[in-house]
Amino acid sequence: MAKPPSSTPPSRTPRTKATANLGGHVEKQGLHPRNIHKLGYDFALLIAQSPNLERYVKPNAFGNDSIDFSDPKAVKALNQALLKSHYAIDYWDIPDHYLCPPIPGRADYIHNLADLISKTTRPHGAETVQVLDIGTGANIVYPLIGQRSYGWQFVGVDIEQTALNNAQQIIEKNNGLAEAIHLRLQPSPLSIFHGVILPNENFTLTMCNPPFHGSQADARAGTVRKWKNLGKTQQKNTLNFGGNQAELYCEGGEAGFIQRMIMESISYQRQVGWFTTLVSKAENLPKIYRLLKQANALEVLTLPMAQGQKQSRIVAWRFC
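Calculation notes
- Residues numbered from 1 in each chain as written.
- Predicted model: local features only at pLDDT ≥ 70, side-chain atom pairs only at ≥ 80, totals over all residues.
- Heavy atoms only, no water.
- Salt bridge = Lys/Arg side-chain N within 4 Å of Asp/Glu carboxyl O.
- Helix = DSSP H or I, 4+ residues; strand = E, 2+ residues; numbered from the N terminus.
- Expected span 1.5 Å × (residues − 1).
- Buried < 20%, exposed > 50% of the residue type's maximum accessible area, 1.4 Å probe, protein only.
- Arc of directions from axis to C-beta.
- Contact = heavy atoms within 4.5 Å.
- Phe/Tyr/Trp six-rings, centres within 6.5 Å; stacked < 30°, edge-to-face > 60°.
- Axes fitted to C-alpha atoms, helices over the stretch in contact; angles between N-to-C directions.
- Parallel < 35°, antiparallel > 145°, perpendicular 65-115°, else oblique.
- Left-handed = near helix turned anticlockwise from the far one by under 90°.
- Nonpolar A, V, L, I, M, F, W, Y, C, P; charged D, E, K, R; others polar.

A.B. asks: Residue-level account of the pattern of salt bridges, with values.
C.D. replies: Taken as a whole and judged by the stated rule, the model has four salt bridges. The shortest N-O distance in the salt bridge between Asp93 and Lys76 comes to 3.0 Å. Taken together, the residues Asp93 in the loop between α2 (72-87) and α3 (103-118) and Lys76 in helix α2 connect sequence positions 17 residues apart.

Have a look at this one:
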């Protein structure tokens, strides 16, 4: 039987939602204590490392340097600067209309996973942390941060060959990644682990940021809300500030995707230490907990995450 889900993450320095001014930087609310981005962006440093960023940096309404986060080119330039300055990623690029994810939030997932595995035994006595990243995307950000921050080994999986081709370019153009990050095509869009976890292969954990929406219409409605909240007029055909169909929506949305993940995880319970996924919608949690109880998960943990006003969480489960 599954133990009651815990809303308390593995022990670490407590977080606070209050902001603090540290050395001239405003601390980002809710980020993990080890997250290097919690003190905000040092634009002078970033521009020195990546001069292309300078054209996008302007004072915001509060008089602080910032960028227009609704401009995909500006977000890409910021990501390139952050990856180069903090993770020694000299080359990073993505095709137009592909998801350009926020680096601080992605780093938070990685740091939470590091806390999780530090409290548990690695499967079969493995010395190296092996991670399976479901939906790694053209940006391959999770493996980049995890490899550079902790030296982990990754297998990145995606259903789009175009995304994997771009990810492979990033791997090949940066020193030290070719031996640490490997990519696999998921041939079935409705499968999660089937077809990509090989026989006798073991992973310390799996991770995933599931598609949020259940349809293109839902994705577009969400985009309209975001543009309205920013006080901007939506540009034609702009969807969620980047992101294609596979990255933004799937059959059943987030809940349906995670349901399939839980059901498939039963078949791989002896090959994976922890299964984990982001859960953006709190209303999906009761169903997820019921499914995990039905699957006879041995242990279920809920790790809260937050960045500013955005609340999210990681749900982790294991069988062995």
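A.B. asks: Now, about helix α5 (residues 161-172): what can you tell me, with residues and values included?
C.D. replies: Residues spaced three or four apart along an α-helix point in a common direction, a consequence of the helix completing one turn every 3.6 residues. With twelve residues, α5 should reach 16 Å at 1.5 Å per residue; the first-to-last C-alpha distance of 16 Å fits that figure. Taken together, the buried positions of α5 are occupied by Ala163, Leu164, Asn166, Ala167, Ile170 and Ile171. With its buried residues spanning 160 degrees around the axis, α5 presents them on a single face. Buried-residue contacts for α5 involve α4 (141-150), β6 (153-158) and β7 (181-185).

A.B. asks: Which residues make up the packing of aromatic side chains, and what values do they have?
C.D. replies: For any pair of aromatic rings, the description rests on two quantities: the centre-to-centre distance and the angle between the ring planes. Here the structure, examined in full by the defined rule, presents eight aromatic pairs. Plain terms: the ring middles of Tyr41 and Phe43 are 5.9 Å apart, the flat faces sit at 65 degrees to each other, and that makes the pair edge-to-face. By relative accessible area, which is 7% here, Phe43 ends up buried. Considering the side-chain rings of Phe193 and Phe275, the 5.4 Å spacing of their centres and the 55 degrees angle between planes classify their relative orientation as tilted. Taken together, the residues Phe193 in the loop between β7 and β8 (203-208) and Phe275 in strand β9 (residues 272-279) connect sequence positions 82 residues apart. Since its relative accessible area comes to 0%, Phe193 is described here as buried. Classification of Phe275 as buried rests on a relative accessible area of 0%.

A.B. asks: Describe the side chain of His111, naming the residues involved and giving the relevant values.
C.D. replies: Mapped onto the secondary structure, His111 falls in helix α3. Relative accessible area serves as the criterion here: at 6%, His111 is assigned to the buried category. Residue contacts for His111: discarding those within four places in its chain leaves His32, Arg34, Asn35 and Tyr150.

A.B. asks: Can you lay out helix α9 (residues 285-294) for me, pointing to particular residues and giving the numbers?
C.D. replies: For α9, the complete set of buried residues consists of Leu285, Ile288, Leu291 and Leu292. Take α9 and look down its axis: the buried residues cluster within an arc of 125 degrees, on one side only. Immediately beyond the C-terminal end of α9, within one or two residues, lies Asn296, with a positive phi of roughly 65 degrees.

A.B. asks: Go over the environment of Trp92 with me, naming the residues and quoting the values.
C.D. replies: With respect to the element layout, Trp92 can be found in the loop between α2 and α3. Those residues within four positions of Trp92 in sequence are excluded, and the remaining contacts are Lys76, Asn79, Gln80, Leu83, Cys100, Asn139, Val141, Leu144 and Ile170.

A.B. asks: Requested: an account of the packing of α3 against α4, with residues and values cited.
C.D. replies: At a minimum axis distance of 9 Å, the contact between α3 and α4 shows a crossing angle of 55 degrees. Classified by the angle their axes make, α3 and α4 are oblique. For the element pair α3 and α4, the recorded crossing hand is right-handed. In this structure, α3 uses Ile103, Arg106, Ala107, Tyr109, Ile110, His111 and Ala114 to contact α4, whose residues at the interface are Val141, Tyr142, Ile145, Gly146 and Tyr150. In the contact of α3 with α4, the residues fall into nine nonpolar, two polar and one charged.

A.B. asks: Pulling in residues and values, what's your account of unusual backbone geometry?
C.D. replies: Most of the time, phi is negative for any residue but glycine, and the peptide bond is trans. In this model, Ala88 sits at a positive phi of 55 degrees, which is unusual for a non-glycine residue. The topology assignment puts Ala88 in the loop between α2 and α3. On the accessibility criterion, Ala88 (46% relative accessible area) is partly exposed. At His97, a residue that is not glycine, the phi angle is positive and equals roughly 75 degrees. Within the secondary structure, His97 is located in the loop between α2 and α3. Looking at His97, the relative accessible area reads 65%, which means it is exposed.

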